[in-house]
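Next come the chains, spelled out residue by residue.
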Amino acid sequence: MGGTGACNSILSNDVVPVPSGPPRKVEVEAVNSTAVKVSWRSPVPNKQHGQIRGYQVHYVRMENGEPKGQPMLKDIMLADAQVIRAFYEMIISGLQPETTYSFTVTAYTTKGDGARSKPKLISTTGAVPGKPRLVISHTQMNTALIQWHPPVDTFGPLQGYRLKFGRKDVDTFTTMEFSEKEDHFTATDIHKGASYVFKLSARNKVGYGEEMVKEISVPEEVPSGFPQNLHSESSTSTSVQLTWQMPLLAERNGIITKYTILYRDINVAYQPVELPVVPADTTMTLSGLKPDTTYDVKVRAHTSKGPGPYSPSVQFRTLPVDQGR
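All figures in this text were calculated on a predicted structure; none of them were measured in a lab. (Residues numbered from 1 in each chain as written. Predicted model: local features only at pLDDT ≥ 70, side-chain atom pairs only at ≥ 80, totals over all residues. Heavy atoms only, no water.)

A. Fine view of the pairing of strand S1 (residues 24-32). Across 6 bridges, S1 lies against strand S2 (residues 35-41) in antiparallel orientation. Following the sheet pairing, Glu-27 is matched in S2 by Ser-39. Where S1 folds back on S2, the antiparallel hairpin that results is connected by 2 residues. (Pairing = 2+ DSSP bridges. Helix = DSSP H or I, 4+ residues; strand = E, 2+ residues; numbered from the N terminus.)

B. Up close: the UniProt feature "domain: Fibronectin type-III" (unreviewed entry) in the protein chain. Sites flagged by UniProt as "domain: Fibronectin type-III" (unreviewed entry) map to residues 22-127, 128-225 and 226-321. Taken end to end, residues 128-225 comprises 0% helix and 47% strand; its first and last C-alpha atoms sit 45 Å apart. (UniProt positions renumbered as here; feature names shortened; annotations may be inferred.)

C. Structural detail: the pattern of salt bridges. Evaluation of the coordinates by the stated rule reveals 10 salt bridges. The partner of Glu-211 in a salt bridge is Lys-164, and the shortest N-O contact between them spans 3.6 Å. With a gap of 47 residues between them, Glu-211 in the loop between strand S14 (195-203) and strand S15 (212-217) and Lys-164 in strand S11 (residues 160-167) connect regions that are remote in the sequence. Residue classification places Lys-164 among the partly exposed residues on the basis of a relative accessible area of 26%. The salt bridge partner of Asp-292 is Arg-317, with a shortest N-O separation of 3.0 Å. Taken together, the positions of Asp-292 in the loop between strand S20 (283-286) and strand S21 (294-303) and Arg-317 in strand S23 (residues 314-317) put the pair 25 residues apart, joining distant regions of the chain. (Salt bridge = Lys/Arg side-chain N within 4 Å of Asp/Glu carboxyl O. Buried < 20%, exposed > 50% of the residue type's maximum accessible area, 1.4 Å probe, protein only.)

Set out below in structure tokens:
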């Protein structure tokens with residue numbers, strides 16, 4: 001009798017060296033209308049019966065509590081370094097919106113699949129609308145006309161639209177919401193020489209859908225504004241350091257490529273000196289000046305299209321020779 005029992009024991013270990021315990025703590029969570037996240041922990045150690053080489057997630061669509069259609073599975077094979085992990089997760093995508101699915105998880109060794117976990121049911125969320133169709137027309141007078149049409153796939157009645165727009169080189173965007181009946185908007189303060197990004201999404205009862213993104217570039221022009229806050233930082237008897245700030249963003253009308261400084265001795269009316277500042281730094285040291293002399297100075301900015309207006313004049317005085325160190 002004892003010999004027979006030992007033989008049966010050996011046979012049973014050879015025949016069933018697969019995990020006899022299912023993966024534990026199986027959880028399912030809807031990610032969006034077409035994807036679910038499945039997470040689990042490994043079976044209890046004394047029921048693994050060998051090294052677990054991977055897991056399979058089985059899932060099937062459910063209708064009225066019954067499986068419908070073909071069961072599907074996703075496999076996750078473990079690298080040796082992952083074998084000791086206790087927690088696993090997988091994203092299952094390509095599902096149907098607003099549909100119930102049943103999920104089970106099994107562990108497997110080189111000998112085969114083990115016990116399945118208890119089924120977990122979950123319903124995917126409803127689908128959000130597709131991308132609306134978007135047309136941007138730059139008009140004169142610093143405006144842009146934004147027109148849109150509903151998405152092809154709305155997944156139920158539309159409840160409105162959301163528009164985000166702004167300069168591509170500025171972090172902050174303007175956000176506006178519109179009713180489902182509105183189909184256009186005119187954006188003002190569109191600066192010349194800048195690129196703008198427009199993002200439009202449609203909303204149904206589930207939420208906002210994917211954004212349709214369009215970009216426009218407005219042609220450059222000469223600056224319409226002058227550099228700001230021109231002043232002298234320090235001076236000697238023969239030099240002065242000038243600093244200023246760029247023209248206002250709305251008045252640059254493109255990329256500032258250089259500045260021009262125009263200065264003269266106030267006692268010599270008709271001999272101004274013009275100096276280019278390239279690259280377009282916002283500081284410049286004038287040297288070779290006369291001691292104890294008042295100078296008149298102004299600055300203008302250039303784009304690739306040419307120069308803008310000069311700033312208002314600023315006056316400064318060089319130091320006398322005995323203070324010019």
